[in-house]
Structures are given as structure tokens and as C-alpha cells.
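Report on the structure
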Amino acid sequence: MAATLADLEARVVAAEHLAQRAYDRGAVENVFSRYMHLHNHFEDEQIKSLWVKRGTDGVHAQYTNNGVYTDYDSIMAYHTGRPKPKGKLILHYTTTPSIEVAEDGKTARGFWVMAGVESGTTLPEHVGKMPEFLYEPGTMNVEGGRRVWAHWVWCQYAVDFLRQDGEWKVWHFRCLEVARAPYSENWITFAGKNQVAFDKDLAYFGDDGRPVFMPTPDEKASKKADIFGLNRARRLDIQLPAPYKTFQDVEEY
């Protein structure tokens, strides 16, 4: 009888543990969904609260192949003062989440695919600061001679989360661009040009379409996005999350 009771208790504990991990998985997905919704609406100031606290060991972010930001202020700077230009549309639609919560319940990992659009207009005096091929043909200019830029874009996001004060927070963030193309061109013929544009390290197009570039990174990037190209086969940039016990068992994103 005692053995049977002990076995039942063990099953209850195991079931509770699985239920908690399932709940945590949903909570992690909700945090990143909130992050992207805020980003799509240029509400980056609200994104700051989704990150771990200042002073948390190992925090970092990578937005391009040019480097990694490991200083907390550098990361927060990316979300500071982002303008909300009229006529600008950013819609990053994330899908196919792959999420694993550690058995110890202290960390979690997630991998998402993003398909989206990025678009806006640029005043003529700002056009020469980025390659001409990023813009639609001059015949498609809009009021005031503004140049139109409208892109399809595809990325992957790899994110580590840390539980702090009972809530899941972004700890390590990597954005890995896969491909992009102007609306008037396809991603195959644009592939070579995209590599040139990607190396410019553009952060975003700000007010009046003025290009704003990424600040100097704190470290070189050891993990880089495999930008689509005609002469190489696709590969998985970073391994998908797999079940793990503690964060010491995995390589950070």
C-alpha cells in the first residue's frame, strides 16, 4: 500500500511539473509576442521592461552581423528615442515558435521565424545615404518627391529567457536576417545587393526617411546570419531549442 501511495504521489508531482512547464512555455511565447507587437508599433520604450534587470550577468543582443551589444545601456539605446514617422509601416509577423523550458524552471529558449514588410518614404536629401537599389524606381515617388522604400523581409529570432522575480524576461536576443527584397524586385536577383546593404548596418529609417545606423557594437559577432545567396546552400544558423535540465547544459543564443 505504501509503495502504491508513493508511486501515486510521484505521478502527481510529475504531472504538476509538466503542467508548470506548459504554463511557462505559454508565458514565454506571450512575452516575445508582446515584444514584437510593441516593436511593430514603434513603442520600444515599453519593450525595455521586457528585458532582464540592469546588472544581470551575461545579457546581450545582436541585431546584425556586425557585432554584439553586451553593455546594458547599449541594448537599451536600441529601444530609446525610436521615432514614429508618418507613412512608415513595419509589420514583423512571427510564427512557428520552438520553445523549451529548462527542467529546473529557471530559464527558457525560443526560436521563431518572421515574415514581414518594412516600408516608408524618404525625402530626396536623405536618399544618397543608402544605396539607390533599396528604393523603388523614381517613377513611383509620392508627394513632395519622396522616394518610396518597400521591402519584403524574412528573419529568424533566437532568444534566451531568464525568470526574474517570478516573471520571464528577455536575456539573450539574436535577430538573424535570411532575405529581403524591394517590392519591385525578387529576393533572388536582389541577393547580392542585399549583402551590400546588410553590411551598412542600418538600424532603421527615421523621421523623413533619414537612415539611422547601429552604434558601435561592444563585441564582434561569433554567430552570424546566413543571408540568402545564389552560391550557397541554406543551413541552420543556430540550433533549435532542445530539452535541457539547466542552462549550463546548453550554448547560449
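Here's what I pulled together on the structure shown here. Computed from a prediction, not measured in an experiment: that's the story for all the values here.

1. Observations concerning the layout of surface pockets
A volume near 200 Å³ is recorded for the largest pocket. Together, 14 residues line the largest pocket, and Ala27, Val31, Gly166, Glu167 and Trp168 are the ones closest to its centre. Among the elements that line the lining of the largest pocket, the one with the most residues is helix 1 (residues 2-40), at seven residues. Of the residues that constitute the lining of the largest pocket, the class distribution is five nonpolar, four polar and five charged.

2. Some remarks on the sheet that holds strand 3 (residues 89-101)
Strands sit in the order 2-1-6-5-4-3 across an open sheet of six strands; the sheet is mixed. Here the strands that pair on one side only, and so sit at the sheet edges, are strand 2 (67-69) and strand 3. Averaged over all adjacent pairs, the angle separating strand axes in this sheet is 20°, with direction ignored.

3. Thoughts on unusual backbone geometry
Even without being glycine, Phe42 reaches a positive phi, approximately 60°. In this fold, Phe42 is placed in the loop between helix 1 and helix 2 (44-47). Even without a glycine there, the phi angle at Asp208 is positive, about 60°. Mapping Asp208 onto the fold places it in the loop between strand 7 (202-205) and strand 8 (211-213).

4. Focus: the pairing of strand 6 (residues 167-182)
The element strand 6 is extensively covered by neighbouring structure, given that 15 of its 16 residues are classed as buried. Both strand 1 (residues 60-64) and strand 6 contribute to a ladder of three bridges, which runs parallel. Directly across from Gln62, in strand 6, lies its bridge partner Arg174. Judged from the 14 bridges that link them, strand 5 (residues 147-164) and strand 6 form a sheet pairing that is antiparallel. Counted as the bridge partner of Trp152 is Ala181 from strand 6.

5. Quick notes on the pattern of salt bridges
Note that side chains of opposite charge can pair when their charged atoms are close. Under the criterion given, the structure shown has 17 salt bridges. Among the salt bridges present, the one from Arg180 reaches Glu118, with a minimum N-O distance of 3.1 Å. You can see Arg180 sitting in strand 6 and its partner Glu118 sitting in strand 4 (residues 107-122), a full 62 residues away along the chain. A residue is classified by how much of its surface remains accessible, and Glu118, at 14% relative accessible area, is buried. The shortest N-O distance in the salt bridge between Glu185 and Lys193 comes to 3.2 Å. Each member of the salt-bridge network shares a partner with another, and the members are Glu118, Glu177 and Arg180.

6. A closer look at the packing of aromatic side chains
Applying the stated criterion across every chain, the model contains 17 aromatic pairs. Through a chain of ring-to-ring contacts, the aromatic side chains of Phe32, Tyr35, Trp51, Tyr63, Tyr69, Tyr78, Trp112, Tyr157, Phe161 and Phe173 assemble into a single cluster. The lysine or arginine in question, Arg82, covers the ring of Tyr78, its NZ or CZ lying 4.9 Å from the ring centre. Between Arg109 and the ring centre of Tyr253, over which it is positioned, the NZ or CZ distance is 3.9 Å.

7. Looking at the environment of Ala108
Relative to the assigned elements, Ala108 resides in strand 4. As for Ala108 and Asn65, which are separated by 43 residues in sequence, their C-alpha atoms are 24 Å apart.

8. Thoughts on empty space enclosed by the protein
By the definition in use, this model includes one cavity of 30 Å³ or more. The calculated volume of the largest cavity comes to roughly 600 Å³. Taken together, 33 residues form the lining of the largest cavity, with Glu118, Glu177, Arg180, Leu202 and Ala203 sitting closest to its centre. When contributions to the lining of the largest cavity are tallied by element, the ones reaching two or more residues are helix 1, strand 1, strand 3, strand 4, strand 5, strand 6, helix 4 (191-198) and strand 7.

9. Concerning the environment of Gln46
Following the sequence through the fold, Gln46 ends up in helix 2. The class of Gln46 is partly exposed, set by a relative accessible area of 44%. Sequence separation between Gln46 and Glu29 is 17 residues, and the spatial gap between their C-alpha atoms is 17 Å.

10. Some details on the environment of Trp152
Mapped onto the elements, Trp152 comes out in strand 5. Judged by its relative accessible area of 34%, Trp152 is partly exposed. Once the C-alpha coordinates of Trp152 and Trp187 are considered, the two residues, 35 residues apart in sequence, prove to be 8.4 Å apart. The residues contacting Trp152, other than those within four sequence positions of it, are Gly116, Val117, Ala179, Arg180, Ala181, Pro182 and Tyr183.

What counts and what doesn't
Residues numbered from 1 in each chain as written. Predicted model: local features only at pLDDT ≥ 70, side-chain atom pairs only at ≥ 80, totals over all residues. Heavy atoms only, no water. 1 Å grid on protein atoms, 1.4 Å probe; cavity = no way out; pocket = protein on both sides within 12 Å on 5 of 7 lines; lining within 4 Å. Points joined across faces, edges and corners; volume = space filled by probe spheres on them. Helix = DSSP H or I, 4+ residues; strand = E, 2+ residues; numbered from the N terminus. Nonpolar A, V, L, I, M, F, W, Y, C, P; charged D, E, K, R; others polar. Pairing = 2+ DSSP bridges. Axes fitted to C-alpha atoms, helices over the stretch in contact; angles between N-to-C directions. Buried < 20%, exposed > 50% of the residue type's maximum accessible area, 1.4 Å probe, protein only. Salt bridge = Lys/Arg side-chain N within 4 Å of Asp/Glu carboxyl O. Phe/Tyr/Trp six-rings, centres within 6.5 Å; stacked < 30°, edge-to-face > 60°. Lys NZ or Arg CZ within 6 Å of the ring centre and 35° of its normal. Contact = heavy atoms within 4.5 Å.

These results come straight from atomic positions and should not be treated as a statement about function.
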